[in-house]
Amino acid sequence: MNTPPLYLDKRDLKHNWVDNEFSTKKFYENTLFSIVNETNYFTDIHNPVLRGIRVEPSRFLSEKTFKPVAEKHPFIMVSVPHMLDKFKELGYKSFSPYIDESYDLKDNIQDRIKIIISELHRFSSMSPKERQQIREEMKPVFEYNKKLVWELTCKQQDLINILEQISNESIK
C-alpha cells in the first residue's frame with residue numbers, strides 16, 4: 001500500500017491551534033471519534049525515563065484534547081490515569097456510557113491500552129447504523145463541550161484584553 005504520510009497538525013508549534021481548521025476538519029467529519037495522545041501518559045514507576053522513581057503524574061490538558069472538543073468530536077484519551085476527572089473538573093462532560101472510560105482508572109499504561117484497544121474493536125465491529133446511532137446519542141455531550149470551550153476561550157481573551165489595558169495604562 002503506497003499512501004502519503006499524514007500530518008494532522010500544524011508545523012508551527014509556537015501558537016495554540018485549537019481553533020477550527022479546514023485542513024483537518026475533514027478528518028473529524030469522516031471518523032466516529034478521536035484517539036487523543038496527550039502529552040503525558042506514563043506514571044512514575046512505569047516511566048522508563050524515571051526508572052521507578054515515585055513522582056505524581058502531571059495532568060495537563062493540551063490542544064490535543066481541545067481540538068476534538070472544538071470539532072464536536074468524541075474521543076478516547078491516552079494519558080495518565082484520572083485525566084478525564086481533570087477534564088470534568090473544568091466543567092466538561094465525557095462520553096460514558098457510550099465509551100468505556102474505565103481505562104482512565106488504570107494506573108498501568110498497558111492495562112489502559114488494553115481497554116482502549118478493546119473499545120476500538122467494539123466500535124469497529126458495529127454496523128454503520130449502530131455507529132450513527134451512538135453518534136446521535138452523544139450529540140448533546142459534544143454540543144455542550146463545544147459551547148463551553150468557546151465560552152472559556154472568550155473569557156480568556158477578555159482577561160488578556162483587560163491585562164493589556166492595565167499594562168498600557170501603567171506605562172503612560
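Residues numbered from 1 in each chain as written. Predicted model: local features only at pLDDT ≥ 70, side-chain atom pairs only at ≥ 80, totals over all residues. Heavy atoms only, no water.

Caption draft 1: Main features of the overall build of the protein chain. The number of helices and strands found in the protein chain is five helices and two strands. In the protein chain, buried positions account for 33% of the 172 residues. Pairs at least 24 residues apart make up 64% of the contacts formed inside the protein chain by residues separated by at least 6 positions. Summed over all atoms, the accessible surface of the protein chain reaches about 11500 Å², with 56% contributed by carbon and sulfur. (Helix = DSSP H or I, 4+ residues; strand = E, 2+ residues; numbered from the N terminus. Buried < 20%, exposed > 50% of the residue type's maximum accessible area, 1.4 Å probe, protein only. Contact = heavy atoms within 4.5 Å. Areas by Shrake-Rupley, 256 points an atom, 1.4 Å probe, with all protein chains shown as cover.)

Caption draft 2: Inspection of the packing of aromatic side chains at higher detail. Counted according to the given criterion, the structure contains six aromatic pairs. Taking 6.4 Å as the distance between ring centres and 40° as the angle between the ring planes, the aromatic pair formed by Phe66 and Phe87 counts as tilted. You can see Phe66 sitting in helix α2 (residues 63-70) and its partner Phe87 sitting in helix α3 (residues 83-89), a full 21 residues away along the chain. Between Phe66 and Tyr92, the ring centres sit 5.6 Å apart and the planes meet at 55°, which makes this aromatic pair tilted. One end of the pair, Phe66, is in helix α2; the other, Tyr92, is in the loop between α3 and α4 (109-124), and 26 residues separate them in sequence. (Phe/Tyr/Trp six-rings, centres within 6.5 Å; stacked < 30°, edge-to-face > 60°.)

Caption draft 3: Layout of the pairing of strand β1 (residues 34-37). Residues Ser34 and Val36 line the buried face of β1, whereas the alternating positions Ile35 and Asn37 sit on a face that is not buried. As defined by bridge partners, β1 adjoins strand β2 (residues 75-78) across four bridges and the pair is classed as parallel. Bridge pairing in β2 links Val36 to Met77. (Pairing = 2+ DSSP bridges.)

Caption draft 4: Main features of the side chain of Glu101. Along the chain, the position of Glu101 falls in the loop between α3 and α4. We note that Glu101 is buried and unpaired, the nearest opposite charge coming from Lys88 at a distance of 4.3 Å. At a separation of 2.7 Å, a polar atom in the side chain of Glu101 contacts the main-chain amide nitrogen of Phe95. Beyond its immediate stretch of four places on either side in the chain, Glu101 contacts Leu84, Lys88, Ser94, Phe95 and Ser96. (Lys, Arg positive; Asp, Glu negative; His and termini not counted. Salt bridge = Lys/Arg side-chain N within 4 Å of Asp/Glu carboxyl O. Polar contact = N/O pair within 3.5 Å; in protein donor to acceptor, adjacent residues only side chain to side chain.)

Caption draft 5: Structural context of α4. Along its 16 residues, α4 runs 22 Å from first to last C-alpha, staying within 8% of the 22 Å computed at 1.5 Å per residue. Among the residues of α4, Ile109, Arg112, Ile115, Ile116, Glu119 and Phe123 are the ones counted as buried. Considered in projection along α4, the buried side chains sweep an arc of 130° and stay on one side of the axis. Exposed residues on α4 whose side chains face more than 90 degrees from its buried face are Lys114, His121 and Ser124. Taking the backbone nitrogen of Gln110 as reference, a side-chain oxygen 2.7 Å away marks Asn108 as the first, capping residue of α4. (Expected span 1.5 Å × (residues − 1). Arc of directions from axis to C-beta.)

Caption draft 6: Inspection of unusual backbone geometry at higher detail. In the segment running from Ser96 into Pro97, the intervening peptide bond is cis, with an omega of 15°. You can see Pro97 is positioned in the loop between α3 and α4. Positive phi, normally seen in glycine, also occurs at Lys72, with a value near 55°. By secondary structure assignment, the location of Lys72 is in the loop between α2 and β2. Accessibility expressed as a relative area gives 27% for Lys72, which makes it partly exposed.

Caption draft 7: Main features of α2. Burial runs high along α2: six of the eight residues are buried. Those residues of α2 lying buried are Thr65, Phe66, Lys67, Pro68, Val69 and Ala70. Looking one or two residues beyond α2, the residue adopting positive phi is Lys72, at roughly 55°.

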